[in-house]
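Spelled out, the chains give:
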Amino acid sequence: MTSTFAKRWATLGILAVVLFAAPAFADEFRLNLLAKFLTFAIVALGVDLVWGYTGMLSLGHGVFFGIGAYAAGMYLKLESTNGGMADFMGWSGLKELPAVWFPFANPIFAFSMAIILPTLLAALVAYLVGSSRITGVYFSLLTQALALILSIALIGQQAFTGGTNGITNFSTVLGFSLRDQSTQQFLYFLTVVTLLASYVLCKWVVNSRFGGLLVAIRDDEQRVRFCGYDPRAAKVLVMALSGGLAGLAGALFVMQVGIISPAMLGIVPSVEMVIWVAMGGRGTLIGAVLGAILVNSAKSGLSESFPDLWQMAFGALLVGVVLLFPDGLVGAVKRAYAQLSARTRTAPAVVPPLAAADGGRA
Amino acid sequence: METVVIQVFNGLSVGSILLLIALGLAFTFGLMGIINMAHGELIMVGAYAAYVTQGAFSAVMSVPVAQIPGFYFGVAIVVAFLAAAAVGLALEAGLIRFLYGRPLDSLLATWGVGLVLQQVARSIFGAPNVQVVSPSWLNGALTLAPGVLLPYKRLFILATVAAAVLGLYLLLYRSAQGRRIRAAMQNRDIASALGVSTRSIDRFTFALGSGLAGVAGCTLTLIGPIGPTLGTNYIVDAFLVVILGGLGQLVGTVAAAFSIGSLNTTFELFSTATVGKVAVFLLVIVFLQFRPNGFVTVKGRR
């Protein structure tokens, strides 16, 4: 009993120790970078729930992330202007603060909205497009269209959203200066705790009966229906949870990075969120977390020194992962480990490869 | 009245380009269960092929690009078709055939291919946009009535698309090869059992769809400058056309392309481009609630 317990939570324990110890080793700049990657890891957990476990490939998680970030960003902006108009509103000819902005001066309202709005939107999308009669691929393509629309809308409504530049130039959060190292350090630990809590929550979900239902939907949705379950209800629930996680991550992101703009939530960032999970290992929570951290570390390291090479290598790597390692880094490690132990022991320990988690043929 | 005519014309014009792009997507998805995210980059290949053709004409005849004879654009269309079809063939042989029936995996892998192709274009032609000088016989406009001008370029695009769709119709519904394609789309296993080489059908269809994307890219050079990310602007709308139109029937895709094209332009007239996009998106989603397979669908066992 203890051994399964240890096995189940060992990865989380290692992750927690590493993340809590990181501030002792990393300088301010790197810690801020790591904090950013950790907010991405929270998004990746949500993407993994809907894609790795439920088989719905969402190409619109940037939307949920972005709404969370914009909701929190609006509050931060209002705090920096003492409830007055933001600079970009004046440039666009507005005379006074738009009514939508007013309630966001209240931090409780703003941060609740950062979670509630994406949760509701994700649930609505899943309800409308998650019907068993609609091909699974359409879900991907329509969520991608949603990502495009949100970024176009944000760019188009410059007076309300800051347009292409987004919302930036924040000074304080709840009265604490965002430039203070202590504030940033607190936010880092807040992010770590949120990530670990999200991990535990997701772990609980996937180990529950509900988690079993999600995997069953991924592997054969029609059979789930014939067994008397309602796949649509499960999809709505898991998307709501996933959207809420992304929104929460967005709120944490904007406080630490200090800017949110349409370029961070459009089509490309949304696909990248899926790619983190694909490379880390879909269908395993730790894979999602590691994927988000490693891919983004590689990106920030390589794209600075070799921007051309990076995009080429990234594309090629993606093709390679899909073709050769469909269950990502974690799956590859697991398989290598199984082969190794099969060689040393007599009993073969075969790890079954992740079933092609794919809505089947159209 | 003038506005109505111009509106209808604009809708047709936008819709026709969407149609050319969506046809390839609809057929590769219907036939092979492949979502080709690199389709946008095949458009880009076609556009750069036109650019290269223009450069070649100018170099061989040693005149500046503005003075090369107008018929070069016809050559450019053929070159664009062949170039994109060749890239499509290579893509099919090297990657796509391993991903049949795995639409979500194919989506991710082809996204990666798209990134690589964009970067290749950036390395060869540079990151800034380049311009193809339109042939002089396409400048100017047809005057229907005072105030109602139909630009020749747009008319030419419409004619090109009409020719392409007619050709595709003849191929699909009036030729032996087309019969085989439709058979493979309706039931791949039975078609294969009856002696249809589904392998070569797949290859042929994918190359054809890619070639059409190349033609679309070539016509896009008439409208504006071209760059490595040219295709990404069109791909989302093209997928909406595929979803709305249904798979495997020419008429569904045609109807969907013109619906989305005219809805977009109409909403833009009365409000903003954003509202147009949102409205089209919502209409597609609502429509799917009633007809989850789009306008028309092939009845077959899957």
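Each residue is numbered by its place in its chain's sequence as written, counting from 1. Starting at A for chains and at 1 for ligands, labels are handed out in the order in which the entities are written. Owing to the predicted nature of the model, reporting of local features is limited to residues with pLDDT of at least 70; listing and counting of side-chain atom pairs is limited to 80 or more, with chain, interface and lining totals taken over all residues. By convention in this description, side-chain values take in all heavy atoms of the structure and omit both hydrogens and water.

**A closer look at unusual backbone geometry**
- Positive phi, normally seen in glycine, also occurs at asparagine 82 of chain A, with a value near 55°.
- The residue asparagine 82 of chain A is located in the loop between helix 3 (61-80) and helix 4 (87-91) in this model.
- Type-normalised accessible area, obtained with a 1.4 Å probe on protein chains alone, sets the label of each residue: buried when under 20%, exposed when over 50%, and partly exposed for intermediate values. Taking relative accessible area as the criterion, asparagine 82 of chain A reaches 74% and is therefore assigned exposed.
- At serine 62 of chain B, a residue that is not glycine, the phi angle is positive and equals roughly 40°.
- A run of H or I in DSSP becomes a helix once it reaches four residues, and a run of E becomes a strand once it reaches two; helices and strands are each numbered from the N terminus. Tracing the backbone shows serine 62 of chain B in the loop between helix 2 (39-60) and helix 3 (72-94).

**Things to note about the nonpolar core**
- Within the largest apolar cluster, 206 residues are counted, with the highest numbers of intra-cluster contacts made by Leu142 and Tyr188 of chain A.
- When residues of this core are assigned to their parent elements, the largest contribution, 17 residues, is made by helix 2 (residues 28-53) of chain A.
- Contacts between residues were defined by any pair of non-hydrogen atoms, one from each residue, lying within 4.5 Å. Filtering out sequence-adjacent residues up to four positions away, leucine 142 of chain A remains in contact with Val129 of chain A together with Leu240, Ile243, Phe281, Val284, Ile285 and Leu288 of chain B. Residues belong to one nonpolar core when they are buried, are Ala, Val, Leu, Ile, Met, Phe, Trp, Tyr or Cys, and are joined through side-chain atoms within 4.5 Å.

**Some thoughts on empty space enclosed by the protein**
- Space inside and on the surface of the protein is sampled on a 1 Å grid over the protein atoms alone, with a cavity defined as a set of points where a 1.4 Å probe fits but cannot get out and a pocket as an open set with protein on both sides within 12 Å along at least 5 of 7 lines; lining residues have an atom within 4 Å of a point. Grid points are joined across faces, edges and corners, and a volume is the space filled by probe spheres set on the points. In total, this model carries two cavities of 30 Å³ or more according to the counting rule given.
- Empty space within the largest cavity amounts to approximately 60 Å³.
- Around the largest cavity, the lining residues are Leu23, Gly24, Phe27, Leu168, Leu172, Ile181, Thr205, Leu208, Gly209 and Leu212 of chain B.
- Those elements giving two or more residues to the lining of the largest cavity turn out to be helix 1 (2-32), helix 5 (152-174) and helix 8 (198-220) of chain B.
- For this classification, the nonpolar set comprises Ala, Val, Leu, Ile, Met, Phe, Trp, Tyr, Cys and Pro, the charged set comprises Asp, Glu, Lys and Arg, and every other residue, Gly included, is treated as polar. For the lining of the largest cavity, the per-class residue count stands at seven nonpolar, three polar and no charged.
- What the second largest cavity holds in volume is close to 40 Å³.
- Every residue lining the second largest cavity is listed: Ala145, Leu148 and Ile149 of chain A together with Val236, Asp237, Leu240, Lys277 and Phe281 of chain B.
- Of all the secondary structure elements, the ones that give two or more residues to the lining of the second largest cavity are helix 6 (136-156) of chain A together with helix 9 (232-245) and helix 11 (273-290) of chain B.
- The residue inventory of the lining of the second largest cavity, partitioned by class, reads six nonpolar, no polar and two charged.

**Concerning the interface of chain B and chain A**
- Each side of the interface is counted separately: chain B has 46 residues, and chain A has 46 residues.
- Throughout, the accessible surface (probe 1.4 Å) given up by two parts as they are put together, summed over both, is called the buried area. Both faces considered, chain B and chain A share a buried interface measuring about 4200 Å² in area, 73% of it formed by carbon and sulfur atoms.
- Taken as a group, Leu104, Leu108 and Trp111 of chain B account for 17% of the area that chain B buries against chain A, more than any other trio of residues on that side.
- Between Lys or Arg on one side and Asp or Glu on the other, a salt bridge is scored when a side-chain nitrogen of the former is within 4 Å of a carboxyl oxygen of the latter. Inspection of the chain B/chain A interface yields one salt bridge.
- One salt bridge in this structure joins arginine 282 of chain A and aspartate 105 of chain B, with 2.9 Å as the shortest N-O distance.
- N or O atoms closer than or at 3.5 Å make up a polar contact, with two conditions inside protein: a donor-capable atom paired with an acceptor-capable one, and, for residues adjacent in sequence, both atoms drawn from side chains. Remark: the boundary between chain B and chain A carries five residue pairs in polar contact (both at pLDDT 80 or more).
- Of all the secondary-structure elements, those providing two or more residues to the side of chain B that touches chain A are helix 1, helix 4 (103-125), helix 9 and helix 11 of chain B.
- Here the element with the most residues in the side of chain B that touches chain A is helix 4 of chain B; it accounts for 15 residues.

**Let's talk about the confidence of the model for chain A**
Residue and element names in this part refer to chain A.
- As a per-residue measure, pLDDT tells how confident the predictor is, with possible values from 0 to 100. The predicted model of chain A averages 90 in pLDDT, with 94% of residues at 70 or higher.
- Across chain A, helix 11 (residues 231-257) holds the top mean pLDDT of 97, while helix 1 (residues 2-25) sits lowest at 83.
- Note on residues 355-362: pLDDT is under 50 here. Beyond four places in sequence and across chains, it has 22 contacts.

**Regarding the layout of surface pockets**
- Approximately 1300 Å³ is the volume found for the largest pocket.
- Along the wall of the largest pocket there are 49 residues; nearest its centre are Ala263, Ile267, Val268, Pro269 and Glu272 of chain A.

**Comments concerning the environment of valine 133 of chain B**
Residue and element names in this part refer to chain B.
- The residue valine 133 is located in the loop between helix 4 and strand 1 (141-145) in this model.
- Here the alpha-carbon distance between valine 133 and arginine 188, two residues 55 residues apart in the chain, equals 45 Å.
- Valine 133 has contacts with Gln54, Val65, Ala66 and Tyr72, leaving out every residue within four places of it along the chain.

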